[in-house]
Amino acid sequence: MRLFTRWLVRVHGSARSPLTHLPVKSSVINVSSLQHDVRAMSTFKYDKAYVNGKWIASKNNATFEVRNPATGEVIGSLPDMGHEETEQAVQAAYKAFYSWRNTTAKERSNFLRRWFNLQMENQTELAKLITLENGKPLADAAGEVAYGAGFCEWFSEEARRVYGETIPSPSPSKKIVVIKQPVGVAGMITPWNFPNAMITRKVAPALAAGCTVVLKPAEDTPYSALALCELAEQAGLPPGVFSVITSSRTNAAQVGKVLCEHPLVSKISFTGSTIVGKVLLKQAAKTVKRVSMELGGNAPFIVFESADLNKAVQGAVASKFRCSGQTCVCANRFFVHSTIYDKFVEALIDAIKKLKVGDGLEEGITQGPLINIRAVEKVETHISDAVCKGAHVVIGGRRHELGGAFFQPTVVTDVTKEMLCARQETFGPVASVIRFKTEEEVLALANMTSTGLAGYFYSNDISQIWRIAEKLEVGMVGINEGIISCVEAPFGGIKESGIGHEGSKYGIDEYLEVKYLCFGV
Ligand SMILES: NC(=O)C1=CN([C@@H]2O[C@H](COP(=O)(O)OP(=O)(O)OC[C@H]3O[C@@H](n4cnc5c(N)ncnc54)[C@H](OP(=O)(O)O)[C@@H]3O)[C@@H](O)[C@H]2O)C=CC1
Ligand SMILES: O=C(O)CCCC(=O)O
């Protein structure tokens, strides 16, 4: 690869990340042998953003620093772009749209396949970038690369299956035909918790459909986005089809406003907090853009009396502590039947004691740092609010002795629906446990929120399983399962958790318009 230093890693066979269970190319990533090389790098080679097929600085040469959340060290600086550069990228994407839309589905499919292959060939390098800028353990990062690349593979297949339709006409003198066309330029804004996969989950279907893209990654994790640009270029993507605008948090609103309000942008796709999603929705309304929103959640995780307790605890740890609790589908509220409450809490504490907090580049680490100190402060606020209102911290509850953005895996018991940790997503390694007695009571509590992304429950009563699966007000349900995300399944929420679906056969529809043709015969 042109911009990466090639690190030598021994890889053997295939494996899965311990928390996500997503595939990892190497069963033994020899982390200790990497450490020296990674830390020895003084700067990243990326110091520019990627716009219209060129690596460019910001107009005023302003930059912002990116830090490793595990060490606090600056890992590099990138252009702090704003209105002008976003305008430039949109113009380029609009121009490129008129040739990209005319490529054949097979050509777009072939590009996506080449992009997928390059990502998998560079899985380890991409994983290290993720760990350095996001902090998640290297095995989880490698799992994310496989997951992210999987969207390119999947949509390389789906690109060729965008079928139209003929519809029986009510009139003998008319024929009805439906075709599907790309919506146009798509503006995208992505978060820091999956610096790679949240990009490919949007960009791959957009490109498959024939759309072009201008994307703004999060301030904390822009390098993975630029690495994807480099690989897209190597895979033969023409200039302007996929541009990445880098910006600091200060300029994010400026970039977002151009994307949302620009008349040449037809579509906005966002993953992040509900509060920012609402701002973008308002801005996008001015030009009536198509929108896809993957917003926050507040996932219930219910353990009924008939549940297999071992499985429930295993699922709870996987769902809650994946990415140190920083995913929108992480279990946020654990509802446990009062007859098994104490047993569950005890087993959860035992399981949590086995988690290992530390720098994600070190061997055996399962919990990296939180993304930044603001995230740590949010977690602390939730815990202190709960304790003030009568909850008990039974393990963890404080910043980790490693300092910085590290936080102890935590269990809080005797939580009630009034507490902040039950009303909002904590987005950190805190399991808040609530006691319940009846199915009706727990359903009411679980559905009490304005969001509805993921929900989980453990039960061995088949009638109850069907009842709860239907009645949970969420877009995705894990039944006796704590990890639900995969390329093949539709990811999306209801209520204030969002609009639309990503991945699966539905994901490409977000980037297609349906056009009706009426033929007089
Ligand atoms: N659904 C999910 O996956 C996620 C949910 N969250 C939730 O949000 C909370 C806060 O996290 P945070 O990182 O601040 O999430 P944000 O929603 O603020 O950030 C997500 C993305 O939106 C960008 N952004 C922020 N403000 C604007 C704006 N006004 N216009 C355009 N783009 C904008 C960010 O850029 P920049 O980084 O430069 O600010 C980032 O790229 C978390 O604790 C969690 O509850 C957070 C991330 C992902
Ligand atoms: O937190 C998110 O926004 C993405 C969820 C990751 C996944 O499970 O796909």
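Every chain's residues receive numbers from 1 upward, in the order its sequence appears when written. Starting at A for chains and at 1 for ligands, labels are handed out in the order in which the entities are written. Local features in this predicted model are restricted to residues whose pLDDT is 70 or higher, and side-chain atom pairs enter the listing and the counts only when it is 80 or higher, whereas totals over whole chains, interfaces and linings include all residues.

Student: Is there a simple way to explain the site of ligand 1 in this structure?
Tutor: Think of it this way: take the backbone, place a C-beta atom on it, and check whether that atom is within 6 Å of the molecule or strand, in which case the residue is near it. In the vicinity of ligand 1 lie 26 residues, with Pro191, Gly256, Gly272, Ser273 and Cys328 positioned nearest. Working definition: helices are DSSP H or I runs of at least four residues, strands are E runs of at least two. Numbering for both runs from the N terminus. Elements with a contribution of two residues or more to the shell around ligand 1: α8 (249–261) and α9 (274–285).

Student: Would you mind showing me how to read the UniProt feature "active site" (unreviewed entry) in the protein here?
Tutor: Sequence positions flagged by UniProt for "active site" (unreviewed entry) are, in local numbering, Glu294. Looking at the element boundaries, Glu294 is found in strand β13 (residues 290–294). Look past the residues within four positions of Glu294 in its chain and what remains in contact with it is Thr271, Cys328, Gly492, Gly498 and Glu502. UniProt positions are given in the numbering used here, feature names are shortened, and annotations may be inferred rather than shown by experiment. This entry defines residue contacts through backbone-placed C-beta atoms, with two residues in contact when those atoms are within 7 Å.

Student: I keep staring at the nonpolar core and nothing clicks. Help me out?
Tutor: Generally speaking, soluble globular proteins have nonpolar side chains that are buried together. Each nonpolar core comprises buried Ala, Val, Leu, Ile, Met, Phe, Trp, Tyr and Cys residues, the members being joined through C-beta atoms within 7 Å. Counting other C-beta atoms within 10 Å of each residue's C-beta, where C-beta atoms are placed from the backbone, gives the exposure class: buried for 20 or more, exposed for 12 or fewer, partly exposed between. Counting 85 residues, the largest nonpolar core has Ala93, Leu112, Phe155, Leu207, Cys211, Val213 and Val214 as its most contacted members. No other element matches helix α5 (residues 138–158), which puts 12 residues into this core. Once residues lying within four places of it in the same chain are set aside, the contact partners of Leu112 are Cys152, Phe155, Ser156, Ala159, Ala204, Leu207 and Ala208.

Student: How should I be thinking about the UniProt feature "domain: Aldehyde dehydrogenase" (unreviewed entry) in the protein in this particular structure?
Tutor: Look at the UniProt record and you will see "domain: Aldehyde dehydrogenase" (unreviewed entry) annotated at residues 55–516. Annotated as residues 55–516, this span is 39% helix and 21% strand, and its ends, taken at the C-alpha atoms, are 41 Å apart.

Student: Can you help me understand the site of ligand 2 in this one?
Tutor: Around ligand 2 sit Pro191, Asn193, Phe194, Met198, Thr271, Glu294, Thr327, Cys328, Val329, Ser485 and Phe491, and those are all the residues in its vicinity. Each residue is assigned to one of three groups, with Ala, Val, Leu, Ile, Met, Phe, Trp, Tyr, Cys and Pro labelled nonpolar, Asp, Glu, Lys and Arg labelled charged, and all others, Gly among them, labelled polar. Broken down by class, the residue content of the shell around ligand 2 amounts to 6 nonpolar, 4 polar and 1 charged.

Student: Help me understand α9, please; the structure alone is not making it clear to me.
Tutor: Given 3.6 residues per helical turn, the α-helix brings residues three or four places apart onto the same face. For α9, built from 12 residues, the straight-helix expectation of 16 Å at 1.5 Å per residue is met to within 8% by its first-to-last C-alpha distance of 16 Å. Elements in contact with the buried residues of α9: α8, β12 (265–271), β13 and β19 (451–452). Residue count minus one, scaled by 1.5 Å, sets the expected span of a helix.

Student: Help me understand helix α11 (residues 341–353), please; the structure alone is not making it clear to me.
Tutor: Across its 13 residues, α11 extends 19 Å between first and last C-alpha, which sits within 8% of the 18 Å expected from 1.5 Å per residue. For α11, the complete set of buried residues consists of Phe344, Val345, Leu348 and Ile352. The arc enclosing the buried residues of α11, seen along the axis, measures out at 95°, which places them on a common side. Away from the buried face of α11 by more than 90 degrees, exposed residues Asp342, Asp350 and Lys353 are located. Those residues of α11 that are buried lie in contact with β14 (299–303), α10 (309–321), β15 (331–337), β16 (392–395), β17 (410–413) and β18 (430–436). Summarising the geometry, the arc corresponds to the directions from the helix axis toward the C-beta atoms.

Student: It is not clear to me how the sheet that holds β14 should be interpreted in this structure. Could you clarify?
Tutor: Strand pairing requires that DSSP identify at least two bridges connecting the strands. Strand order in this open sheet of 7 strands is β16-β17-β18-β15-β14-β20-β21, and the pairing throughout is mixed. Each of the sheet's edge strands pairs with one partner strand only, and the pair in question is β16 and β21 (476–479). Across the sheet, the mean angle from the axis of one strand to that of its neighbour is 25°, orientation sign disregarded. In the sheet, β14 pairs with strand β20 (residues 454–458) via 3 bridges, with the strands oriented parallel. Its bridge partner being in β20, Phe301 is matched across the sheet by Tyr456. Angles shown run from 0 to 180 degrees and are taken between the N-to-C directions of axes, each axis being a line fitted to C-alpha atoms and, for helices, limited to the stretch in contact. Running at roughly 160° to β20, α10 makes contact with β14, β15, β18 and β20 of the sheet.

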